[in-house]
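Here is what each chain is made of, one letter per residue.
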Amino acid sequence: MTDLERHAYDVLVIGAGGSGLRAAIEAREAGLRVAIVCKSLFGKAHTVMAEGGIAASMGNSNPHDNWQVHFGDTMRGGKFLNNPRMAELHAKEAPRRVWELETYGALFDRTPEGKISQRNFGGHEYARLAHVGDRTGLELIRTLQQKIVSLQQEDEREFGDAEARLKVFMELTITELMHDGGAPDGPVSGAFGYWRESGRFVLFDAPAVVLATGGIGKSFKVTSNSWEYTGDGHALALRAGAKLINMEFVQFHPTGMVWPPSVKGILVTESVRGDGGVLRNSEGKRFMFEYVPEVFRGQYATTEEEADGWYEDPEHNKRPPELLPRDEVARAINSEVKEGRGSEHGGVFLDVSTRLPADEIKRRLPSMHHQFLELADVDITAQPMEVGPTCHYVMGGIEVDPDTGASSVPGLFAVGEVTGGMHGSNRLGGNSLGDLLVFGQRTGAGAAAYAAAASKDRPTVIDASIDAVTATAEEPFQREGGESPYTLHQELQQVMNDLVGIIRREPEMQEALDKLADIRERAAHLSVEGRRQFNPGWHLALDLRNMLQVSECVARSALERQESRGGHTREDFPGMDAKWRSVNLACHLDPATGMVQLTRQQVPTIRDDLMHLFERSELEKYFTTEELADFQDVRQGEDDQS
Amino acid sequence: MSVDAPSKKPIAEAVEVPTFQITLRIERYNPEFDTESHYEDYEVTVHGTDRVLDALHTIKWDMDGSLSFRRSCAHGVCGSDAMRINGKNRLACKTLVKDVNPDKPITIEPIKGLPVEKDLIVDMEPFFDSYREIMPFLVTTGHEPTHERIQSQADKDRFDDTTKCILCAACTSSCPVFWNDGQYFGPAAIVNAHRFIFDSRDEAGDQRLQILNDKEGVWRCRTVFNCTEACPRGIEVTKAIAEVKRAIITRRV
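The numbers attached to residues start from 1 for each chain and follow its sequence in the written order. Starting at A for chains and at 1 for ligands, labels are handed out in the order in which the entities are written. This being a predicted model, a pLDDT of at least 70 is required before a residue's local features are given, and a value of 80 or more before pairs of side-chain atoms are given or counted; all residues contribute to the totals for chains, interfaces and linings. Hydrogens and water molecules were not included; the side-chain quantities draw on all heavy atoms of the structure.

Side note on the overall build of chain B
Only DSSP runs of H or I reaching four residues or more are called helices, and only runs of E reaching two or more are called strands; each is numbered from the N terminus. The helix and strand inventory of chain B stands at 8 helices and 7 strands. If one aligns the C-alpha atoms of chain B with their principal axes, the spans along those axes are about 60 × 60 × 35 Å. A total of 253 residues make up chain B; the buried ones form 57% of that total. Sequence separation of at least 24 residues holds for 65% of the intrachain contacts in chain B that already meet a minimum separation of 6. If you sum the accessible surface of chain B, you get close to 10900 Å²; carbon and sulfur atoms cover 48% of it. In this tally Asp and Glu are treated as negative and Lys and Arg as positive; neither His nor the chain ends contributes. One atom stands in for each charge, and that atom is NZ of Lys, CZ of Arg, CG of Asp or CD of Glu. Across chain B, the 33 positively charged side chains and the 40 negatively charged ones have centroids separated by 5 Å. Residue exposure (1.4 Å probe, protein chains only): buried if accessible area is under 20% of the type maximum, exposed if over 50%, otherwise partly exposed. Note on definitions: a residue-residue contact is assigned when non-hydrogen atoms from the two residues lie within 4.5 Å. Per-residue and other accessible areas were derived by the Shrake-Rupley procedure at a 1.4 Å probe size, with only the shown protein chains allowed to occlude residues.

Below, the structure written as structure tokens:
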């Protein structure tokens, strides 16, 4: 490989969203040499689109809030399928990570006393989301970007080289992870990829690799996700021998734009509802009162009066049902539309115009105001928005050790949306930005410790491995007359959207698997014109392989799980089944055939002290009788139920 | 609540959006084959509600897969798809075709003043270099992340406007001074300096003002207002630059 560019680092972070940057900062502050690789320009990653805020139980809005309440909300939101250790660490450490972000320079909206203002969000008992207007993700990523620039300028002063210990390789795509000595089941030893601009191949030698690549939404037609979300990290991990868990759980955000067609799927922040917005059907009815499921009865208001009273007096009123977890709201909207009570363009109405004064709407939701005015010609201070579900987030991902982010493959770490477990079957809004910071810090530390220990005997990349991955990357150019990657991608999105979407049925998922096999076969023969220099067709051809593998994991897991829970709704198995609560479905690639295999494993047990944060009467809604045989109500700490 | 109950058509496809033909005249450049750029015309059928980005996607997906441009979030938050549309810097994802005189060919060119890499993609490094020059990070001492730091809403509001920047380079690459003088920091870097100079928590204001008092700093600005007009986030860029100028004079570094 004469034109191969080669770099050696201690820690290689793939992905420059919130989790990747936070991990990189931690590893660099541990004194290691760190490379960050990203597909986009630095600072444009998907985190930028997060609008609502960072969930952290700082208690600024309500002094009753604490990590135990946040933990409980997270578990309820995930329908108790969460990895409890992850939910615990997240709830405990999120406040400190927010304060830390503030020391990095982050800006937040303020309470009258000058504290960080916290906003209401679905599934959170108290107003808990630290935010700045509706651009919290932009502020988060800009702050981390700024922190990295400051660390680089420190290095410039110390070593005369700003990139001595932290370098960002932007517009570079990783196509494969490398293994020590080429042994497919050995530790990772680096990663291989290409510069998007020149097409030149690049090899990174690194004993520790952190996957922070985000989600998979670009496999679906209607999605709020950006072009980067092609499941790269999920697929890289699979091919490197790691396991993906919970892949059947895909979050459809209840409120995406539905009109006009060019912007269908673009997110409408949950803050609209958190700040008072309500959902109505074509009959003008606030339909969410009809959709409070059994497990949440008693926690949500039953009348409009009570719901409206909650915004001012949460102590004496129950929460409006518009603020149920996202899976519940998305299903409700889907039902209303299906039963003919939808809006003109196939959504429902989200109205904040009759709920807040125009000035207040513009102050709290400036981006939404612009977005609708500019793209849909709708003034949200005077008219309702039309909204419907959009593919937003994947709960499933790489199985990792909660404390360190280590996967089952030595040297391979993962953090953020690309991991599974933290959010169980459904993620609460605001818990993603917290996830990025909490586990970014932990995984950065975990990878740094591993890399430091491996520094004496660094794993190696052998030439045969490089030749093999180079050949795979160049394959699309070797063929002529094949189909266009754009055509295949559009077909894939349609299949996933229509057959493995928000409501699932066995025959449709079988059909989806057949179609995925067909697309996979055709993708093996697709061809790309031109050469490697900034060739978007070639880039998509390589991303398509990842999307196909990940989509198959989603479809296989969804077919297997015969119940409805969180982000997985089966029309043929509409109820939640306690027997399935303790089951994680895990995907791996069969080493011999390279095909996706599915196994069942136990959801990690919830520690006793954490179990006792709940009352038996609530646990009975989720757990089997046998699981609760030894459980007795011993209330610890203060009452966390309002 | 006065929702006008519309006709019950639950399926989006039930509503037809009118389509029309437009011509996009795109400046193309492929460094592998071309010594200089040239323009190519594309006839595209678009919906009345489509954005310029949708038209570019149609070309890329259905007509010419080699067309290269950056885009990411596709709704004006990430700042990847700034380009010159009929001579004005805009984000393609926030510009409706119907608003840019579609009866005539719509000209699409890369933003000016930065080296073109391919088609609509420019080298952003010089832009980020200027950004890094102004120390774009909070400088503060003695604040540990064990508790929060009080800041009043009024102090926060003082620099709120300039924190909206998405680093898309629309302002900097619309500035005639920047076109003619590659050394000028440009409006985006000054906006990002403003964000810290006026942050009550920051301790490096004097240092930043000194940097911007440099010969390639704020005094190059001739108050043309192109930057304010170009900003897709509605930041009052020229005003921010004027505030920095005033701060240099009054604080006197």
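Having put the structure on the table, let's press on.
Brief notes about the overall build of chain A
On a plain count of helices and strands, chain A comes out with 18 helices and 20 strands. Our radius of gyration is a C-alpha quantity, and the globule rule it is checked against amounts to 2.2 Å times the number of residues to the power 0.38. At 24 Å, chain A has a C-alpha radius of gyration in line with the 26 Å of a compact globule built from 642 residues. On the principal axes, the C-alpha backbone points of chain A span a range of 70 × 55 × 55 Å. Within chain A, contacts between residues at least 6 apart in sequence are counted, and of these 73% link residues at least 24 apart. Surface accessibility of chain A: about 20400 Å² in total, with carbon and sulfur atoms responsible for 47%. The distance from the centre of the 68 positive side-chain charges to the centre of the 98 negative ones in chain A is 1 Å.

Topic: the pairing of strand S7 (residues 166–170) of chain A
Residue and element names in this part refer to chain A. For S7, the tally of buried residues reaches 4 of 5 residues, placing the bulk of the element in the interior. Only strands that DSSP links by at least two bridges are regarded as paired with each other. In terms of strand pairing, strand S3 (residues 34–38) meets S7 through 5 bridges, oriented parallel. Along S7, the bridge assignment pairs Val34 with Leu166.

As for the sheet that holds strand S4 (residues 54–55) of chain A
Residue and element names in this part refer to chain A. The strand order across the open sheet built from 3 strands is S4-S6-S5, with neighbouring strands paired in antiparallel fashion. Since the sheet does not close on itself, it has two edges, and those belong to S4 and strand S5 (118–119), each with one partner. Judged from the 2 bridges that link them, S5 and strand S6 (residues 129–130) form a sheet pairing that is antiparallel. In the strand pairing of S6, Gln118 is matched with Ala130.

Some thoughts on the interface of chain B and chain A
Residue-level contacts link 76 residues of chain B with 71 residues of chain A. Accessible area that two parts lose when put together, evaluated with a 1.4 Å probe and summed over both, is termed the buried area. Summed over both partners, the interface of chain B with chain A comes to about 6300 Å²; 56% of that surface belongs to carbon and sulfur atoms. Salt bridges, as used here, are contacts in which a Lys or Arg side-chain nitrogen is within 4 Å of a carboxyl oxygen on Asp or Glu. On inspection of chain B and its partner chain A, the count reaches 6 salt bridges. Identification of polar contacts relies on pairs of N or O atoms within 3.5 Å, with a donor-acceptor requirement for protein atoms, meaning one able to donate a hydrogen and the other able to accept it, and with residues adjacent in sequence counted only if both atoms are side-chain atoms. Our count for the chain B to chain A interface comes out at 26 residue pairs in polar contact (both at pLDDT 80 or more).

Things to note about the pattern of salt bridges
Across all of its chains, the model carries 91 salt bridges over all chains by this definition. The partner of Asp308(A) in a salt bridge is Arg355(A), and the shortest N-O contact between them spans 2.8 Å. Taken together, the residues Asp308(A) in helix H7 (residues 304–310) and Arg355(A) in the loop between strand S15 (348–351) and helix H9 (358–364) connect sequence positions 47 residues apart. On the accessibility criterion, Asp308(A) (30% relative accessible area) is partly exposed. On the basis of relative accessibility, which here comes to 24%, the residue Arg355(A) falls in the partly exposed class. Residue Arg132(B) is joined to Asp129(B) by a salt bridge in which the shortest nitrogen-to-oxygen separation is 2.8 Å. With Arg132(B) and Asp129(B) both in helix H2 (residues 125–133) and 3 residues apart, this pair spans about one turn of that helix. Residues participating in the shared-partner salt-bridge network are Arg85(A), Glu88(A), Lys92(A), Glu93(A), Asp403(A), Arg442(A), Arg607(A) and Asp609(A).

Considering the confidence of the model for chain B
When pLDDT is low, close inspection of the predicted coordinates is not appropriate. When pLDDT is averaged across chain B, the result is 90; 93% of the residues are at 70 or more. The ipTM value of the predicted complex is 0.90, and its pTM value is 0.94. Known as pLDDT, the predictor's confidence for each residue is given on a scale from 0 to 100.

Some words on the packing of helix H13 (residues 485–499) of chain A against helix H15 (residues 536–560) of chain A
All names here are of chain A. Convention adopted: a line fitted to C-alpha atoms gives each axis, helices being fitted over their contacting stretch, and angles between N-to-C directions are expressed from 0 to 180 degrees. Put simply, H13 and H15 touch, their axes get as near as 9 Å, and they point 25 degrees apart. With respect to H15, the axis of H13 lies roughly parallel. The two elements H13 and H15 cross, and the hand of that crossing is left-handed. The residues of H15 that touch H13, namely those facing Pro485, Tyr486, Leu488, His489, Leu492 and Met496, are Pro536, Gly537, Leu540, Ala541, Leu544, Met547, Leu548, Ser551 and Val554. Think of it as three bins: nonpolar holds Ala, Val, Leu, Ile, Met, Phe, Trp, Tyr, Cys and Pro, charged holds Asp, Glu, Lys and Arg, and polar takes everything else, Gly as well. A class-by-class count of the residues in the contact of H13 with H15 yields 12 nonpolar, 3 polar and no charged. The cut-offs work like this: below 35 degrees is roughly parallel, past 145 is roughly antiparallel, 65 to 115 is roughly perpendicular, and the gaps in between are oblique. In a left-handed crossing the near helix is turned counterclockwise from the far helix by less than a right angle, and in a right-handed crossing that turn is clockwise.

Considerations on the environment of Asp109(A)
Within the secondary structure layout, Asp109(A) lies in the loop between helix H3 (84–104) and S5. Separated by 21 residues in the primary sequence, Asp109(A) and Ala130(A) place their C-alpha atoms 7.7 Å from one another. Ignoring anything within four residues of it in the chain, the contact list for Asp109(A) reads Lys115(A), Ile116(A), Ser117(A), His131(A), Val132(A), Gly133(A), Gln153(B) and Lys156(B). At 2.9 Å, the side chain of Asp109(A) forms a polar contact with the backbone nitrogen of Gly133(A).

Some remarks on the domain arrangement of chain B
Reports often express the size of an interface as the amount of accessible area lost when the parts come together. Residues and elements named next belong to chain B. As assigned here, chain B comprises domain 1 (19–121) and domain 2 (125–140 + 154–250). Throughout the structure description, domain borders are defined by an automatic or database domain assignment. The distance between the C-alpha centroids of domain 1 and domain 2 comes to 28 Å. Counting from both sides, the interface comprises 15 residues of domain 1 and, opposite them, 15 residues of domain 2. Counting the contacts that link domain 1 with domain 2 gives 1 salt bridge. Across the pair Lys88 and Glu229 runs a salt bridge, and its minimum N-O distance is 3.5 Å. At the boundary of domain 1 and domain 2, one finds 3 residue pairs in polar contact (both at pLDDT 80 or more). Residue assignment for the side of domain 1 that touches domain 2 shows that the elements contributing at least two residues are strand S3 (82–85) and strand S4 (88–91). With 3 residues, the top contributor of residues to the side of domain 1 that touches domain 2 is S4.

Quick word on the packing of helix H1 (residues 18–29) of chain A against H3(A)
All names here are of chain A. The interhelical angle for the contact between H1 and H3, taken along N-to-C directions, is 75 degrees, at an axis separation of 14 Å. Taken together, the axis directions place H1 and H3 in an arrangement best described as roughly perpendicular. Only Arg97, Glu100 and Tyr104 of H3 make contact with H1, whose side of the interface consists of Arg22, Ile25 and Glu29. Tallied by class, the residues present in the contact of H1 with H3 amount to 2 nonpolar, no polar and 4 charged.

Things to note about the side chain of Asp232(A)
Residues and elements named next belong to chain A. Looking at the element boundaries, Asp232 is found in helix H5 (residues 232–239). A polar contact is formed between the side chain of Asp232 and the side chain of Asn546, at a distance of 3.1 Å. Look past the residues within four positions of Asp232 in its chain and what remains in contact with it is Lys39, Thr173, Thr213, Asp543 and Asn546.

Notes on the nonpolar core
Residue types Ala, Val, Leu, Ile, Met, Phe, Trp, Tyr and Cys, when buried and joined through side-chain atoms within 4.5 Å, form a set referred to as a nonpolar core. Membership of the largest hydrophobic core comes to 206 residues, with the highest contact counts inside it found for Val11(A), Phe204(A), Leu412(A), Leu56(B) and Leu212(B). Residue contributions to this core peak at 13 residues, all from H15(A). Not counting the four nearest positions on each side in its chain, Leu412(A) is found in contact with Leu177(A), Val188(A), Val209(A), Leu211(A), Ala237(A), Ala240(A), Ala242(A), Gly405(A), Ala406(A) and Ser407(A). Counting residues in each nonpolar core, the second largest holds 46 residues, with Phe296(A), Tyr300(A), Phe614(A) and Tyr622(A) among its members.

Thoughts on the packing of aromatic side chains
Residues and elements named next belong to chain A. Geometry of aromatic contacts follows a simple scheme: Phe, Tyr and Trp rings, the Trp one being its six-membered ring, pair when their centres are within 6.5 Å, and the pair is stacked under 30 degrees between planes, edge-to-face over 60, tilted otherwise. All chains considered together, the criterion is met by 18 aromatic pairs over all chains. Consider the rings of Phe220 and Phe252, whose centres lie 5.9 Å apart with planes at 85 degrees: the pair is edge-to-face. Here Phe220, found in the loop between strand S11 (208–211) and H5, pairs with Phe252, found in strand S13 (residues 250–257); they are 32 residues apart in sequence, far enough to count as distant. Relative accessible area serves as the criterion here: at 0%, Phe220 is assigned to the buried category. Pairing Phe287 with Tyr291 gives two aromatic rings, centres 6.1 Å apart and planes at 90 degrees, and the pair type is edge-to-face. Judged by its relative accessible area of 0%, Phe287 falls in the buried class. Taken together, the ring pairs connect Trp67, Phe71, Phe80, Phe614, Tyr622 and Phe623 into an aromatic cluster. Here the guanidinium or amino end of Arg427 rests over the ring plane of Tyr393, the centre of that ring lying 4.0 Å away. In this scheme, the term charge over a ring applies when either NZ of a lysine or CZ of an arginine sits within 6 Å of the ring centre and within 35 degrees of the ring normal.

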